[in-house]
Amino acid sequence: MMTSPDPFDLEIIANSFVAIGEEMFVTTARTSQSTIVYEVLDFSVGITDVRGRLITQGNGVTLFLATLADAVQMILGKFPIAEIQRGDVFVLNDPYVGGGTHLSDVTIAMPAVVGGRVVGFACNKAHWTEVGGATAGSVSTSATEIYQEGLQLPCLKLYDAGVPNEAVLDVIRANVRLPDMSMGDLHAQIASTRLAVERVEELFVRYGDELMDAAIAHMMRHSAEVSRAALRQLAPGDYEAEDTLEVAGGEPVRICVKVTVSHDRFVCDFTGTHPAVMSPTNCTRTGLESATRVVFKGLVDPHSALTEGTFDPVEVRCPDGTVFTAQRPTPVSLYWEVLARASDLVWHAVAEAVPDRASAGHFATTCADLISGRAEDSDELWILFEPNAGGWGACEGHDGARGLVNICDGETFMIPCEIVESRYGLHVEQYALNVSDSGAGQWRGGEGVIRDYRIRGRDVVASGMVERALEPAWGARGGCDGSVSAVEAIRADGTVESLSMRRADVESGDVVRVRSGSGGGWGDPLRRDPDAVAADVRNGFVTLDGAREIYGVVVDPDDFAVVELSPRRGARS
């Protein structure tokens, strides 16, 4: 039994796993068919050990932090390890088990096998533009049960020792509106996992089972030690927060958390959160665990590579059947909105424990738009689905980031305007920062974005998936709240119709406007540096009236020099 592996070997092996994850990520983006994958990068990749414990997770969507390992454990629970062969490919998207989130997020897993022994799994989870269901794009704002949201794939073997299961592939093709695109993304996922399997097998052949097993165990222990060491730097205690979730088609419902921080545990108890609702504004337990892990990782160790050991101190408590822990057949296609709000809730609670790093609330919504239709001269269906960036909260010493995706979207991006106009029946008329006097503070909250799509097709339907449409991001330490988000239809006659959490037909010539909110401000606005206020006015981020009324600074409209300071500022200097 090897007791003291060479530290250089351990470092090489650990970095090799990280490199494999990065190679998987690039391979998926370069070979996929849909913009949601190759432009937005709405997917995640990783490698687990033979027990289904995460060894590495490549760049990608942070909201998948609790999903890949659970998927492998689901596979191991259904298929005996002795019967799993090289070349097997497993597929699953069940939202309620196996690391599932919603039906559009499809997980592919493939075993790495050396000498007849399974040594690990490569996993790829990606958002498919189409998995069937009641609406084009498979994300509904009005679903009342899972069966309206698309095709369910309950942990199936898609390839058996390298031989495709054509029956399963035929079922998938027959149930999606864009079979070429969905199958193209499927094969991109398989390509990335096959590549990773080859790399992992090469490592085991090079270093041998004993050293590799020891290296993986070392990586797990080291990650856990790093997390606990960081926890010991936090002030122990109980931290609580509550908020309201703006449910699609219903009244806002209560969400709450109690975070207990100790020197070796990070316990998040969501008891008291509202029961699941008969709308797609729910997530399953996997999503709640991911939401908690995102905040924990950012809190204790945001920079180093992670493993399953990173989250050893984390415990999530919540009764079954809440909006955070939905059960079959509750709809969950808008799960990401719930997940983002859960992360924001945990962050709001623990901000008191890290006053030197705490930021105000961010826009906390994906502010997604889903638009489908056909060209005037063609029957071919196109479907645009994309998340949108928004404003982040300010913190001590720094204004909030502007135009950045929300906490759970990670490495995702907005689709470039040129791609939108070339692939869809849309013309981008505006793409700008959503400037307002909201989010004021000694340090200002960052701005969201505005994007206008002029409709140029027929049979076009649009919807928006938006949280924080009623209550804005929270300010901190005397800072002001941010602004709300919205998706709207601006009709040809000038009337404006909300598309936030609803679906409607839009006509050629109408405009669909996406407007994401700003983050909250930090600190009293009257303490902001007057020269910084003048620069904000010059750059168009603060109005002249806002500078005077909110910041107590009179700015010359011609040369943007500070003309006068309000007496209110003197009392606080």
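So, here's what we can say about the structure. Quick caveat, the model's predicted, so the values are computed rather than measured.

## Concerning the environment of Pro530
Here's step 1: Tracing the backbone through its elements, the reader meets Pro530 in helix α10 (residues 530-538).
Here's step 2: Between the C-alpha atoms of Pro530 and Val563, which are 33 residues apart in sequence, the distance is 9.9 Å.
Here's step 3: When residues no more than four places from it in sequence are discounted, the contact partners of Pro530 are Val553, Val562, Leu565 and Arg569.

## What to know about empty space enclosed by the protein
Here's step 1: In this structure the tally under the stated criterion is 2 cavities of 30 Å³ or more.
Here's step 2: What the largest cavity holds in volume is close to 130 Å³.
Here's step 3: If you trace the largest cavity, you find 17 residues lining it, with Asp42, Leu63, Trp336, Thr366 and Asp409 closest to the centre.
Here's step 4: If you list the elements that add at least two residues to the lining of the largest cavity, you get α8 (335-350) and β13 (381-386).
Here's step 5: Of the residues belonging to the lining of the largest cavity, the class tally is 9 nonpolar, 4 polar and 4 charged.
Here's step 6: Roughly 50 Å³ of internal volume is contained in the second largest cavity.
Here's step 7: Contributing to the lining of the second largest cavity are Thr135, Ala136, Leu370, Ile371, Ser372, Val461, Ala462, Ser463 and Arg503.
Here's step 8: Those elements that provide at least two residues to the lining of the second largest cavity are β12 (368-375) and β16 (457-465).
Here's step 9: By residue class, the composition of the lining of the second largest cavity is 5 nonpolar, 3 polar and 1 charged.

## Some thoughts on the layout of surface pockets
Here's step 1: Approximately 1200 Å³ is the volume attributed to the largest pocket.
Here's step 2: Every residue lining the largest pocket is counted, 38 residues in all, and those nearest its centre are Thr62, Val294, Lys297, Gly298 and Pro302.
Here's step 3: Looking at the lining of the largest pocket, the elements with two or more residues in it are α1 (7-31), β2 (54-57), α7 (285-300) and α8.
Here's step 4: Here the element with the most residues in the lining of the largest pocket is α7; it accounts for 5 residues.
Here's step 5: Across the lining of the largest pocket, the residue classes tally to 17 nonpolar, 15 polar and 6 charged.
Here's step 6: Computed from the structure, the second largest pocket encloses a volume of approximately 320 Å³.

## Re the pattern of salt bridges
Here's step 1: All chains considered together, the criterion is met by 38 salt bridges.
Here's step 2: As a salt-bridge pair, Lys157 and Asp160 come within 3.9 Å of each other at their nearest N and O atoms.
Here's step 3: Close ionic contact of Arg468 with Asp344 constitutes a salt bridge, the shortest N to O distance being 3.0 Å. Taken together, the positions of Arg468 in the loop between β16 and β17 (486-490) and Asp344 in helix α8 put the pair 124 residues apart, joining distant regions of the chain. One exposure class covers both Arg468 and Asp344, and it is buried.

## Notes on unusual backbone geometry
Here's step 1: Residue Arg328 is joined to Pro329 through a cis peptide bond whose omega torsion reads 5°.
Here's step 2: Looking at where Pro329 falls in the secondary structure, it is placed in the loop between β11 (314-317) and α8.
Here's step 3: Not every positive phi belongs to a glycine, and Leu41 is a case in point at roughly 65°.
Here's step 4: Secondary-structure assignment places Leu41 in the loop between α2 (35-38) and β1 (43-49).
Here's step 5: Classification of Leu41 as buried rests on a relative accessible area of 11%.
Here's step 6: Not every positive phi belongs to a glycine, and Phe560 is a case in point at roughly 60°.
Here's step 7: With respect to the helices and strands, Phe560 occurs in the loop between β21 (553-555) and β22 (562-565).

## A look at the environment of Ser262
Here's step 1: By secondary structure assignment, the location of Ser262 is in the loop between β9 (253-261) and β10 (266-269).
Here's step 2: Put simply, Ser262 and Leu231 are 31 residues apart on the chain and 7.2 Å apart in space, counted from C-alpha to C-alpha.

## Looking at the side chain of Ser343
Here's step 1: You can see Ser343 is positioned in helix α8.
Here's step 2: Sequence-distant contacts of Ser343, that is, excluding residues within four places in its chain, are made with Ala291, Val294, Val295, Ile407 and Cys408.

## Details of the sheet that holds strand β5 (residues 117-127)
Remark on secondary structure: sheet strands pair via backbone hydrogen bonds, oriented parallel or antiparallel.
Here's step 1: The strand order across the open sheet built from 7 strands is β2-β1-β5-β4-β3-β6-β7, with neighbouring strands paired in antiparallel fashion. Both edges of this open sheet fall to β2 and β7 (163-164), since each of them pairs with a single strand only.
Here's step 2: Here strand β6 (residues 156-160) pairs with β7 via 2 bridges, running antiparallel. Note that in β7 the partner of Asp160 across the bridge is Val163.
Here's step 3: Contacting β1, β2 and β5, helix α6 (residues 209-231) runs over the sheet at an angle of about 75° to β2.

## Focus on helix α5 (residues 179-207)
Here's step 1: If you check α5, its first and last C-alpha atoms are 42 Å apart, about what 29 residues at 1.5 Å a residue would give, namely 42 Å.
Here's step 2: Directly beyond the C-terminal end of α5, a positive phi value near 90° is found at Gly208.

## Comments concerning α8
Here's step 1: With 16 residues, α8 should reach 22 Å at 1.5 Å per residue; the first-to-last C-alpha distance of 23 Å fits that figure.
Here's step 2: Counted residue by residue, α8 has 15 buried out of 16 residues, so it is predominantly covered.

## Focus: the nonpolar core
Here's step 1: Ranked by internal contacts, the top residues of the largest apolar core, which has 149 residues, are Phe17, Leu158, Phe266, Phe270 and Phe324.
Here's step 2: For this core, the element with the most residues is α8, which contributes 11 residues.
Here's step 3: Each residue touching Phe270, except ones within four places of it in the same chain, is listed here: Cys256, Val257, Leu288, Thr292, Val316, Arg317, Cys318, Phe324, Leu345 and Val346.

Calculation rules
Residues numbered from 1 in each chain as written. Predicted model: local features only at pLDDT ≥ 70, side-chain atom pairs only at ≥ 80, totals over all residues. Heavy atoms only, no water. Helix = DSSP H or I, 4+ residues; strand = E, 2+ residues; numbered from the N terminus. Contact = heavy atoms within 4.5 Å. 1 Å grid on protein atoms, 1.4 Å probe; cavity = no way out; pocket = protein on both sides within 12 Å on 5 of 7 lines; lining within 4 Å. Points joined across faces, edges and corners; volume = space filled by probe spheres on them. Nonpolar A, V, L, I, M, F, W, Y, C, P; charged D, E, K, R; others polar. Salt bridge = Lys/Arg side-chain N within 4 Å of Asp/Glu carboxyl O. Buried < 20%, exposed > 50% of the residue type's maximum accessible area, 1.4 Å probe, protein only. Pairing = 2+ DSSP bridges. Axes fitted to C-alpha atoms, helices over the stretch in contact; angles between N-to-C directions. Expected span 1.5 Å × (residues − 1). Core = buried A, V, L, I, M, F, W, Y, C linked by side-chain atoms within 4.5 Å.

None of this, on its own, says anything about what the molecule does.
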